[in-house]
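The primary structure of each chain is shown beneath.
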Amino acid sequence: MTTTQLDGLRVRDAFPLPRPGEPVVAHADRHDEYAVHVTRTLEDALDRLASVLDGATAAIITDDTVEAIHGRDVLRGLRERDVDVLVAVIPAGEASKSLEEAMRLWHWLAASPLARRDVVVTLGGGVPADLGGWVASAYMRGLPYVNVPTTLLGQVDGALGGKVAANHPSAKNLIGAFHQPRAVISNVGFLTTLEDRHMAAGVAEAIKKGVIASPDYFDFIEEHAAALRRRDPMTLERLVHAASAIKTALIARDPYEADLRRPLNFGHTVGHPVETVSGYGPLLHGEAVAFGMVVESRIAVARGLMAPELLDRLVALLRGFGLPTTAAELPGAIGGDAVLLAMEKVRQIRAGSLRWVLPVTCGETLIADDVTADEVRRALRATGMRVA
Ligand SMILES: NC(=O)c1ccc[n+]([C@@H]2O[C@H](COP(=O)([O-])OP(=O)(O)OC[C@H]3O[C@@H](n4cnc5c(N)ncnc54)[C@H](O)[C@@H]3O)[C@@H](O)[C@H]2O)c1
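## Brief notes about the overall build of the protein
Point 1. Across its full length, the protein holds 14 helices and 12 strands.
Point 2. Against the 2.2 N^0.38 benchmark of 21 Å for 388 residues, the protein shows a C-alpha radius of gyration of 22 Å, consistent with a compact globule.
Point 3. Seen through its C-alpha atoms, the protein measures out along the principal axes to roughly 70 × 60 × 40 Å.
Point 4. A burial count over the protein gives 53% of its 388 residues as buried.

Quick look at the structure:
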């Protein structure tokens with residue numbers, strides 16, 4: 001037993017010698033907590049950001065599209081609020097979630113006057129958030145960062161949860177970390193400039209949350225599909241606010257994904273390999289998840305777990321937003337055999353077993369690790385995909 005005395009700046013310790021052979025166990029418990037703010041105007045978002053920064057310099061990581069559309073207003077607004085700002089711009093798109101781009105950002109940070117108390121701010125979609133968060137996680141062994149997502153996908157999903165990563169040519173998100181943001185500020189006002197396809201990709205991740213965790217949320221999206229398509233700000237605010245509440249509640253159960261069984265992976269067991277095969281670019285992440293949800297639901301229906309009517313509702317909802325539910329709607333010819341091969345790579349990373357999230361009803365899923373390659377082949381074929 002020892003006591004530590006903190007007396008002014010003097011620290012006194014007197015640890016006793018351990019008994020010979022006494023087991024040594026290190027404790028490193030950590031409790032992370034952060035607020036998710038959903039705003040409708042840039043002014044409101046910047047007020048909150050300035051308050052979170054609390055005098056720290058903001059090292060903004062954004063992409064060239066977001067910078068061209070929103071960069072000037074964001075920078076001017078921050079300077080008006082007396083925030084010191086540095087900016088790094090990466091090329092827009094999934095290809096930037098690379099080791100090379102991360103290295104470039106570390107060089108940029110190393111050449112900057114940034115200190116430990118300063119804050120990385122990711123401004124953009126899931127790509128700047130994943131890459132910027134990962135760069136922040138490693139720089140000086142972890143700089144704080146704030147996510148300011150500007151895509152719907154970022155706001156309903158990517159900016160929340162602290163999973164940060166870059167892609168490797170052999171698998172998505174292969175190199176990364178858990179690093180929780182200091183805050184997330186989701187301004188739905190940014191969404192007015194988002195392309196329809198990216199808007200739909202975000203809706204796919206919202207629909208996923210309805211299927212796995214909230215019949216109310218699924219109903220809400222069905223009932224407000226038209227308002228969402230015309231980007232009604234109040235409906236978007238409710239969509240993002242509810243998604244934030246659902247996702248944060250789900251991850252609070254297992255923040256560091258100890259068992260990799262979270263229902264949030266619904267659509268990803270197939271979606272990620274499809275994305276890998278398509279070469280990170282032509283197919284958007286949300287589109288891959290939409291297709292993945294259909295394939296995984298088909299497996300659930302074939303097993304008699306999920307009612308075919310729920311699959312029909314899911315497909316109709318996805319199609320209503322122009323999301324791919326059949327192989328013919330995927331960009332390029334994606335072969336089922338290549339998808340199965342990419343899935344094998346993931347199986348190897350996961351030490352031999354793939355986790356499948358199979359929906360039973362809205363809000364109820366079954367986690368299975370015994371889905372056979374034949375079941376996957378049948379479900380892929382049912383989408384019209386060619387499989388040997
Ligand atoms: N960490 C996680 O938990 C998590 C969860 C889901 C997805 N993700 C990751 O997120 C990424 C996909 O996210 P994304 O779709 O947001 O990608 P993205 O960052 O590439 O953004 C999509 C496109 O929209 C543009 N854009 C962004 N905001 C805009 C705006 N307001 N107006 C006009 N254009 C705008 C971007 O420049 C880009 O071209 C994937 O890499 C995926 O793996 C991560």
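## What to know about unusual backbone geometry
Point 1. Its identity as a non-glycine residue notwithstanding, Met140 has a phi of 55°, on the positive side.
Point 2. Of note, Met140 is situated in the loop between helix H4 (126–138) and strand S7 (145–149).
Point 3. The phi dihedral of Arg141 is positive, around 60°, even though this residue is not glycine.
Point 4. The topology assignment puts Arg141 in the loop between H4 and S7.

## Considering the site of the ligand
Point 1. In the vicinity of the ligand lie 26 residues, with Glu94, Thr150, Thr151, Lys172 and Thr193 positioned nearest.
Point 2. Between a nitrogen atom of the ligand and a main-chain N or O atom of Lys163, the distance comes to 2.8 Å.
Point 3. Relative to its unbound accessible surface of 860 Å², the ligand loses 91% to contact with the protein.
Point 4. Taken together, the elements giving at least two residues each to the shell around the ligand come down to helix H2 (64–80), H4 and helix H5 (152–158).
Point 5. Tallied by class, residues from the shell around the ligand come to 8 nonpolar, 10 polar and 8 charged.

## Side note on helix H6 (residues 196–213)
Point 1. Between its first and last C-alpha, H6 extends 26 Å over 18 residues, near the 26 Å set by a 1.5 Å rise per residue.
Point 2. Within H6, 14 of the 18 residues are buried, which leaves it mostly tucked inside the rest of the structure.

## Some points on the pairing of strand S5 (residues 85–90)
Point 1. The pairing of strand S4 (residues 58–63) with S5 spans 6 bridges and is parallel. Within the sheet, the bridge partner assigned to Ala59 lies in S5 and is Leu86.

## Regarding the nonpolar core
Point 1. In terms of nonpolar packing, the biggest core is built from 73 residues, with Leu152, Ile207, Ile221, Leu239, Phe321, Trp356 and Leu380 touching the most fellow members.
Point 2. With 9 residues, the single largest contributor to this core is helix H11 (residues 285–302).
Point 3. Trp356 has contacts with Thr269, Val270, Glu296, Ile299, Met343, Leu366, Ile367, Ala368, Val371 and Val376, leaving out every residue within four places of it along the chain.
Point 4. With 23 residues, the next largest nonpolar core counts Ala50, Val66, Leu123 and Ile185 among its residues.

## Focus on the side chain of Thr122
Point 1. Looking at where Thr122 falls in the secondary structure, it is placed in strand S6 (residues 119–124).
Point 2. A polar atom in the side chain of Thr122 sits 2.6 Å from the side chain of Asn147.
Point 3. Excluding residues within four positions of it along the chain, Thr122 makes contact with Ile61, Pro128, Ala129, Gly132, Gly133, Tyr145, Val146, Asn147 and Val148.

## Description of the sheet that holds S7
For sheets, the rule is that strands pair by backbone hydrogen bonds, running either parallel or antiparallel.
Point 1. One open sheet accounts for 6 strands, arranged S3-S10-S7-S6-S4-S5; its pairing is parallel. Looking at the sheet topology across the chains shown, the edges are occupied by strand S3 (35–39) and S5. On average, each strand axis in the sheet is tilted by 15° relative to the strand beside it, whichever way the strands run.
Point 2. The pairing of S6 with S7 spans 5 bridges and is classified as parallel. Note that in S7 the partner of Leu123 across the bridge is Val148.
Point 3. Across the sheet, helix H1 (residues 42–53) touches S3, S4, S6, S7 and strand S10 (183–187), and the angle it forms with S10 is around 170°.
Point 4. Contacting S4, S5, S6 and S7, H4 crosses the sheet at an angle of about 165° to S6.

Cut-offs used in this document
Residues numbered from 1 in each chain as written. Predicted model: local features only at pLDDT ≥ 70, side-chain atom pairs only at ≥ 80, totals over all residues. Heavy atoms only, no water. Helix = DSSP H or I, 4+ residues; strand = E, 2+ residues; numbered from the N terminus. Rg over C-alpha atoms; globule rule 2.2 N^0.38 Å. Buried < 20%, exposed > 50% of the residue type's maximum accessible area, 1.4 Å probe, protein only. Near = heavy atom within 4 Å. Polar contact = N/O pair within 3.5 Å; in protein donor to acceptor, adjacent residues only side chain to side chain. Areas by Shrake-Rupley, 256 points an atom, 1.4 Å probe, with all protein chains shown as cover. Nonpolar A, V, L, I, M, F, W, Y, C, P; charged D, E, K, R; others polar. Expected span 1.5 Å × (residues − 1). Pairing = 2+ DSSP bridges. Core = buried A, V, L, I, M, F, W, Y, C linked by side-chain atoms within 4.5 Å. Contact = heavy atoms within 4.5 Å. Axes fitted to C-alpha atoms, helices over the stretch in contact; angles between N-to-C directions.

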